[in-house]
Amino acid sequence: MLIEEVTVLSIAFDSEDRIARSNIYSIFGKLLRRCTQKNDDGEVLLCEAGLSSSVDNYAFRLNPYWYNRGYQNNNDQYNPEYVCLSLCQEIEASEEALLRFLNVILSHTHRIENEEMDRLINYLGIIGYEIDVKEVVDMYGESYRFSLIPSSDGTSERAGDISYLRSMLLMHHNDLIHLYDEATTNFGNAQYISCIDNCRSLFESFFKKLDPVDNDYVKGILAATGETVIDNGTSLTSIKKIYTYWINNKSGANRFRLFQTMYSAMSGLGPHHEDTPSREDALLLFRFVEDTLLWCFRKGINC
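Let us look at the structure shown here. (Residues numbered from 1 in each chain as written. Predicted model: local features only at pLDDT ≥ 70, side-chain atom pairs only at ≥ 80, totals over all residues. Heavy atoms only, no water.)

## Quick word on the nonpolar core
Burial of nonpolar side chains together is a common tendency in soluble globular proteins.
So, step 1. Within the largest apolar cluster, 87 residues are counted, with the highest numbers of intra-cluster contacts made by Phe 28, Phe 101, Ile 105, Phe 203, Phe 207 and Met 266.
So, step 2. Ranked by the residues each element gives to this core, the list is headed by helix 13 (residues 279-298), at 10 residues. (Core = buried A, V, L, I, M, F, W, Y, C linked by side-chain atoms within 4.5 Å. Buried < 20%, exposed > 50% of the residue type's maximum accessible area, 1.4 Å probe, protein only. Helix = DSSP H or I, 4+ residues; strand = E, 2+ residues; numbered from the N terminus.)

## Topic: helix 12 (residues 254-269)
So, step 1. With 16 residues, helix 12 should reach 22 Å at 1.5 Å per residue; the first-to-last C-alpha distance of 23 Å fits that figure.
So, step 2. All of the buried residues in helix 12 are Phe 256, Arg 257, Phe 259, Gln 260, Met 262, Tyr 263, Met 266, Ser 267, Gly 268 and Leu 269.
So, step 3. Of the surrounding elements, those touching the buried residues of helix 12 are helix 9 (192-208), helix 10 (217-225), helix 11 (239-249) and helix 13. (Expected span 1.5 Å × (residues − 1). Contact = heavy atoms within 4.5 Å.)

## Concerning helix 13
So, step 1. Compared with the 28 Å implied by 1.5 Å per residue over 20 residues, the 28 Å span of helix 13 between its first and last C-alpha is a close match.
So, step 2. Burial analysis of helix 13 places 14 of its 20 residues in the buried class, which makes it a mostly covered element.
So, step 3. Looking one or two residues past helix 13, Gly 300 carries a phi angle of roughly 80 degrees, positive in sign.

## A short note on the pairing of strand 1 (residues 65-68)
So, step 1. Of the strand pairs in this sheet, strand 1 and strand 2 (residues 71-74) are connected by four bridges, and their pairing is antiparallel. When the bridges of strand 2 are listed, Tyr 65 appears paired with Asn 74.
So, step 2. Two successive antiparallel strands, strand 1 and strand 2, enclose a turn made up of two residues, where Arg 69 displays a positive phi of approximately 55 degrees. (Pairing = 2+ DSSP bridges.)

## Regarding the environment of Cys 199
So, step 1. Looking at the element boundaries, Cys 199 is found in helix 9.
So, step 2. Sequence spacing of Cys 199 and Phe 288 is 89 residues, and the spatial spacing of their C-alpha atoms is 9.1 Å.
So, step 3. Setting aside residues no more than four positions away along its own chain, Cys 199 makes contact with Ala 183, Met 266, Leu 285, Phe 286 and Val 289.

## Things to note about the packing of aromatic side chains
So, step 1. Under the defined criterion, the tally for this structure stands at 14 aromatic pairs.
So, step 2. Between Phe 187 and Phe 286 the ring centres are 6.2 Å apart and the planes differ by 40 degrees, which places this aromatic pair in the tilted class. In this pair, Phe 187 sits in helix 8 (residues 177-188) while Phe 286 sits in helix 13, placing the two residues 99 residues apart along the sequence. Taken as a pair, Phe 187 and Phe 286 share a single burial class, namely buried.
So, step 3. Ring geometry for Phe 206 versus Phe 207: centroids 5.2 Å apart, planes at 90 degrees, classification edge-to-face.
So, step 4. The class for Phe 207 is buried, based on a relative accessible area of 0%.
So, step 5. Over the ring of Trp 246 we find Lys 250, and its NZ or CZ is 5.8 Å from the ring centre. (Phe/Tyr/Trp six-rings, centres within 6.5 Å; stacked < 30°, edge-to-face > 60°. Lys NZ or Arg CZ within 6 Å of the ring centre and 35° of its normal.)

Structure, rendered in structure tokens:
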């Protein structure tokens with residue numbers, strides 16, 4: 001009998017940051033196409049961004065035409081989307097260079113469709129940026145001026161946090177990483193209910209692991225926080241009893257109540273469909289789950 005040797009391929013999935021950036025560069029590639037309708041437009045744009053050293057490598061892919069004896073022909077290698085993706089990956093180690101290049105593209109952009117804008121806003125939010133939109137009214141009518149700016153102070157620190165979070169998930173909870181990546185993708189695609197559902201599943205699955213006896217996420221949260229609520233000599237471990245104790249005594253299990261309340265919100269806005277979540281709702285809960293897991297990992301809680 002012949003025994004076939006089966007080779008299992010290990011697939012390395014992109015990180016949350018990588019997924020977000022790739023989608024951002026793709027959208028900007030479409031905007032770049034609109035900015036390069038004539039030959040040499042691309043060279044001018046690269047020079048405006050301080051990237052004249054990249055002209056030789058990319059200008060031919062930014063020229064929509066080539067000419068032969070005065071006849072115009074379509075350039076089969078014209079591919080602004082590829083240029084934007086490749087060049088952005090090449091320079092992204094320098095935040096200043098990347099922002100300058102993307103803002104030059106935006107300076108030549110006067111419209112962004114709603115669907116593209118929604119996706120762009122969502123993916124920019126993941127990496128800590130936002131797009132500023134100003135309406136311009138002149139004798140020719142209304143138009144828009146766009147620019148890319150950091151959404152808040154501490155962008156680099158947040159990127160470091162997320163890198164650490166993902167490395168810890170890969171190291172200690174590889175079976176949960178797909179939920180994190182799906183939450184990222186669903187948020188970027190404006191699928192907010194699905195994003196919140198992923199966040200809830202990730203949160204619940206993580207804390208279930210902290211209770212190896214009953215696989216109960218409630219007990220897992222209590223194990224993580226180290227909090228105990230004693231009533232008449234009995235340790236309370238149910239949601240109802242802990243909240244009843246708090247209502248009566250106005251004290252006890254502060255961290256547990258925070259975690260459980262946010263879990264309840266994820267349930268209501270996610271799989272239970274009690275209300276329609278907004279982008280802000282999804283981002284709040286997405287960030288909450290990230291920060292909760294970061295809190296656990298930094299306390300040395302890895303299961």
